[in-house]
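# Secondary and tertiary structure notes
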Amino acid sequence: MRLLSGFLVVLSALALAGCYGFAGGGLPPEINTVAVLPFDNQTPEPTLTQEISRAVREAVEQRLGLRQATEQRADAVVRGAITRYEPDLPVAYTGSDSVVTVTRREVQITVSVEILDQRQGKPLWQRNGLTVRGNYESGNEREGRQRALEDLVVNIVEGAQSQW
Amino acid sequence: MVQCIRIDRGALLVYLGGFAAGCRTAPGPVIPEAARPVSHDDVAAWVDSTIPPHQQLYRFKWLLRDERGSAGGRGSVRVAPPDSLRLDVAGPFGSGTASAVVVGEHPLWTDPPDAISRLVPNYPLMWAMFGITRPPPGGVELRGLVNGSTLAWQYAGATDTVEYARTTGDSGRLIAEVRQSGELIGRVETSLAPDNTPLKARLTVPSAPAQLDLTFLSTDRDSFASAIWLPRRP
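These figures come from a predicted structure and were not determined experimentally. (Residues numbered from 1 in each chain as written. Chains lettered and ligands numbered in written order. Predicted model: local features only at pLDDT ≥ 70, side-chain atom pairs only at ≥ 80, totals over all residues.)

### A word on the interface of chain A and chain B
Taken together, the contact pairs 11 residues of chain A with 16 residues of chain B. Looking at the side of chain A that touches chain B, the element that brings in the most residues is strand β4 (residues 76–95) of chain A, giving 3 residues. Of the residues assigned to the side of chain A that touches chain B, the class counts are 3 nonpolar, 6 polar and 2 charged. (Contact = placed C-beta atoms within 7 Å. Helix = DSSP H or I, 4+ residues; strand = E, 2+ residues; numbered from the N terminus. Nonpolar A, V, L, I, M, F, W, Y, C, P; charged D, E, K, R; others polar.)

### What to know about unusual backbone geometry
All names here are of chain B. In this structure, P82 follows P81 across a cis peptide bond, with omega equal to 10°. In this structure, the amide linkage connecting A208 to the following residue, P209, adopts the cis form with an omega of -15°. Looking at the secondary structure, you find P209 in the loop between β12 (198–205) and β13 (210–221). The backbone of S181 sits at a positive phi, close to 50°, despite the residue not being glycine. Relative to the helices and strands, S181 resides in the loop between β10 (172–180) and β11 (183–192). Of note in the backbone geometry, N196 takes a positive phi value of approximately 75° without being a glycine. Mapping N196 onto the fold places it in the loop between β11 and β12. For N196, a count of 17 C-beta atoms within 10 Å translates into the label partly exposed. (Buried ≥ 20, exposed ≤ 12 C-beta atoms within 10 Å, placed from the backbone.)

What follows is the structure, given as structure tokens:
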């Protein structure tokens, strides 16, 4: 019985350590609110601005647990630029020597992102030239773009958490 | 010190021939002499045949050359038939972007304000670069001709003249020329796929002089989000 209690104590301690470790990742505790500013879209793809904003908002609000606020009141702002968009890079082919068919393509989006602590005036996390990818069956660029945006969310969340 | 340069005669002839071809005067007329007055309905049908049947997204590379040098980048245009488009162009390495929404021959907005005029001097010429012709304005004389797979037509107003020639088939082509008070404003030659989507387009503006080349990379049938008609910066 005593052995079992000891085991449970150790297990609880490990679980707490695990929780503590998880809570310790992410942004500093004083950062509770965020404003996602529209990204400067330097590509000829107008719809990207909104889609990137949506993805970034998902990353910082749903995954990093921050609340949305106006730029003036927010503890942190997220800003950046979309510097490149490649909609249809071929990645897989079938066919013979004479006829080649592209079966899968890839969307690549390159962004520069910065999460800035407004009170301290210092960047909490930044990445320049971050390229995210999403591959798709030829003719379904939207699917590839969606995957690339999911890749962006993962990169932001992992990047922000790895800073602390 | 005297420098001697040996010139191969054959090479010299080729060079001079090429130079003479480059300095050639304006290309031939778009409308044949034999063109006759045509009805508004005829012209409307010809114009309609150049308009895509559904919303299209074209992506392209662009290269602008003038006396100062050249600049290029990527671009996209979203065409919503019959008369609306959104144009976005970006220079290399984030050097700048320009966007515009145009309905017919009127910009709803342009960002920056000279987004269109930096590239093309005239809206019918801009539309022609995407393989699309514009209907005639009111009060112009209409002339035209059908010759096999080639259609040619002209709108002649008090000052402006717009001429189109369109060839259909495997190697389709659209030529558009605009003159103001007799002076050539610009000429567009667009090569077309059998489904009338643009493959390449060249605008020549003799007054600058300048040349704008578009090489189309992809054509997608698309349905656009309503947000694309709104300005980039509210």
